[in-house]
Each structure stands twice: as structure tokens, then as C-alpha cells.
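# Summary of the model geometry
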Amino acid sequence: PVRLWIGLVLVALGVFGVLDATGTLESTEIIDEWWPVAVIGAGLIVMASQRRISVGPSIVVLVGAALLANQQQWTTEDLLGPALLVIIGLAVLAGAARSRRPKGFEAPTGNPVAVFGGSTIKDRSEHLTHAEATALFGGATLDLREAHIDDEATVDATAIFGAVDVLVPKGWRVSVGGLPIFGGYEDKTEQNGSLPEAAPRLNVRATAIFGGVEVAHESS
């Protein structure tokens with residue numbers, strides 16, 4: 001879905017460029033005012049494909065909305081800076097909420113949140129199904145090397161001006177995909193095709209905005 005959206009955006013830009021070059025339509029001003037819609041659409045497409053509201057795509061939508069408000073001059077001041085503060089604050093609150101557990105509660109997943117710093121979580125879940133890792137202007141490490149997957153599990157990794165490292169044991173099938181915006185994600189695990197069909201599978205859904213997500217067996 002993300003590749004489809006990017007393709008549609010590129011086609012639209014090309015069509016506007018042709019119309020502009022032939023004098024049919026003056027599209028420069030239209031593109032300048034409405035280009036943040038492409039950012040908002042990317043976040044919504046990812047959430048629609050995942051059928052859930054997750055942190056990374058939600059941040060993309062909020063940033064796109066702030067950019068659109070600036071381009072449309074809906075506000076008298078720059079909205080992007082305060083919007084980023086709100087996003088960072090929500091990430092901090094999310095990390096605090098995850099750390100407040102009832103006495104005797106054993107968290108099934110690890111959820112490191114790093115804001116202007118570093119954070120490392122070692123997850124030892126016996127039946128891992130889902131985990132999250134978020135880095136805003138910092139670095140977050142999610143260590144799953146002592147966790148166990150019955151069949152399949154998912155990790156939502158969000159890196160915004162930062163880096164997320166997901167460490168996995170050998171013997172897992174790893175699939176990495178997501179939404180890179182001036183960032184990227186990389187799978188450095190050993191995928192030599194010799195794994196059995198019943199090998200546990202980990203799907204890493206990466207959102208990288210001016211940042212990076214890396215999946216490996218050892219920390220770099």
C-alpha cells in the first residue's frame with residue numbers, strides 16, 4: 001500500500017508538471033500549498049493496511065497536518081515546532097504509562113522509548129506476539145534474543161531523528177518493511193534459506209523519519 005501511494009503521488013506530480021509545461025494549468029502554487037497531503041496520506045495508508053492505529057503512522061499524520069496548516073496559513077504562527085513538542089510529549093507519556101505496572105505484573109512485551117537519549121529493553125517473553133520501540137532524537141534498543149515466539153510476532157519500530165535497533169536470535173524468519181521518509185530500515189540477520197518451514201516469524205513494521213531502523217543478531 002505504501003509503494004502504491006508513493007507511485008500515485010509521483011504520477012500526480014508528473015501530470016501536474018505536464019499540465020504546467022503545456023500551459024494548461026498553473027500547478028506550481030497548487031503543489032506548494034497542498035503537498036503535505038501526501039505525507040498525511042502515507043500515514044493513513046499504513047494504518048489502514050495494518051488495521052490498527054500505531055505510534056509511527058500517527059506521528060506521520062500529525063506532522064503532515066502541521067505542515068498543511070503552515071502551507072495553508074491556517075495559523076498566524078509556525079505550527080510545526082509546537083506540534084513536534086506535542087509529539088515528543090506524547091511519546092514521553094506513553095513511556096511513563098508503560099512503566100507504571102501493578103505490583104506483581106509481568107509485562108508480556110518490551111517497549112523502549114528514547115527521547116533525547118538512549119533506552120534498552122531486554123524482552124524475555126515466553127509467548128511474544130507484539131512489541132514496540134520508539135526513538136525520538138535518541139536511540140532505542142529492543143533485545144528479543146531471549147524471547148520465544150510460538151508462531152508469529154510483530155514489532156512496531158519508530159525512529160524519528162534517531163535510531164531503533166531490534167536484536168533477534170538466529171533461527172527466526174525476519175521480515176522488515178514500512179514507511180521511510182528521508183530515513184531507512186535494514187535487515188542484517190542471517191537469512192540463508194536453510195531455516196525450517198516451522199521457524200518462528202518476526203514482522204518488523206518500521207517508520208523511519210530522518211532516522212533508521214535496524215534488525216540484527218548483535219548490536220553494532
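Computed from a prediction, not measured in an experiment: that's the story for all the values here.

As a further point, take the packing of aromatic side chains. Summed over the entire model, instances satisfying the criterion amount to 1 aromatic pair. When the ring of phenylalanine 161 is compared with that of phenylalanine 210, the centres are 4.9 Å apart and the planes differ by 5°; the resulting orientation is stacked. You can see phenylalanine 161 sitting in the loop between strand E5 (152-160) and strand E6 (163-167) and its partner phenylalanine 210 sitting in the loop between strand E9 (201-209) and strand E10 (212-216), a full 49 residues away along the chain. You can call phenylalanine 161 partly exposed: its relative accessible area is 39%. The partly exposed category is assigned to phenylalanine 210, whose relative accessible area is 42%.

Here we take up the confidence of the model for the chain. Confidence in the prediction for the chain averages 79 pLDDT; 81% of positions are at 70 or higher. The model gives residues 98-109 a pLDDT under 50, and that stretch makes 15 contacts with residues more than four places away or in other chains.

Mapped onto the elements of the fold, arginine 52 is located in the loop between helix H3 (36-50) and helix H4 (55-72). Classification of arginine 52 by relative accessible area gives partly exposed; the value is 27%. Residues within four places of arginine 52 in sequence aside, it is in contact with Met47, His130, Glu132, Asp156 and Arg205.

Together, Leu25, Ile30, Trp34, Val37 and Trp74 give the surface a local cluster of nonpolar side chains, amounting to about 470 Å² of exposed area. For leucine 25, the location among the structural elements is in the loop between helix H1 (2-21) and helix H2 (28-34).

So, how was this worked out
In this convention, every chain numbers its residues from 1, walking through the sequence in written order. The predicted origin of the model limits local features to residues at a pLDDT of at least 70 and limits the giving and counting of side-chain atom pairs to 80 or more, whereas totals for whole chains, interfaces and linings rest on all residues. Remark: hydrogens and water are excluded; side-chain values derive from all non-hydrogen atoms of the structure. Stacked, tilted and edge-to-face are the three classes applied to pairs of Phe, Tyr and Trp rings, where Trp contributes its six-membered ring and a pair requires centres within 6.5 Å; stacked means planes under 30 degrees apart, edge-to-face means over 60, and tilted covers the rest. Runs of E in the DSSP output that reach at least two residues are strands. Runs of H or I that reach at least four are helices, and both are numbered from the N terminus. Relative accessibility thresholds used throughout: buried, under 20% of the residue-type maximum; exposed, over 50%; partly exposed, between the two (1.4 Å probe, protein chains only). A residue's pLDDT is the predictor's confidence in that residue, given on a scale from 0 to 100. When checking whether two residues touch, look at their non-hydrogen atoms; a contact exists if any pair is within 4.5 Å. Only residues whose relative accessible area exceeds 30% and that form no salt bridge are eligible for patches; like-charged ones are grouped when within 9 Å, while nonpolar side chains (Val, Leu, Ile, Met, Phe, Trp, Tyr) are grouped when within 5 Å. Shrake-Rupley sampling with a 1.4 Å probe provides the accessible areas, and residues are treated as covered by the protein chains on show and by no other component. By definition, a salt bridge exists where a carboxyl oxygen of Asp or Glu is found within 4 Å of a side-chain nitrogen of Lys or Arg.

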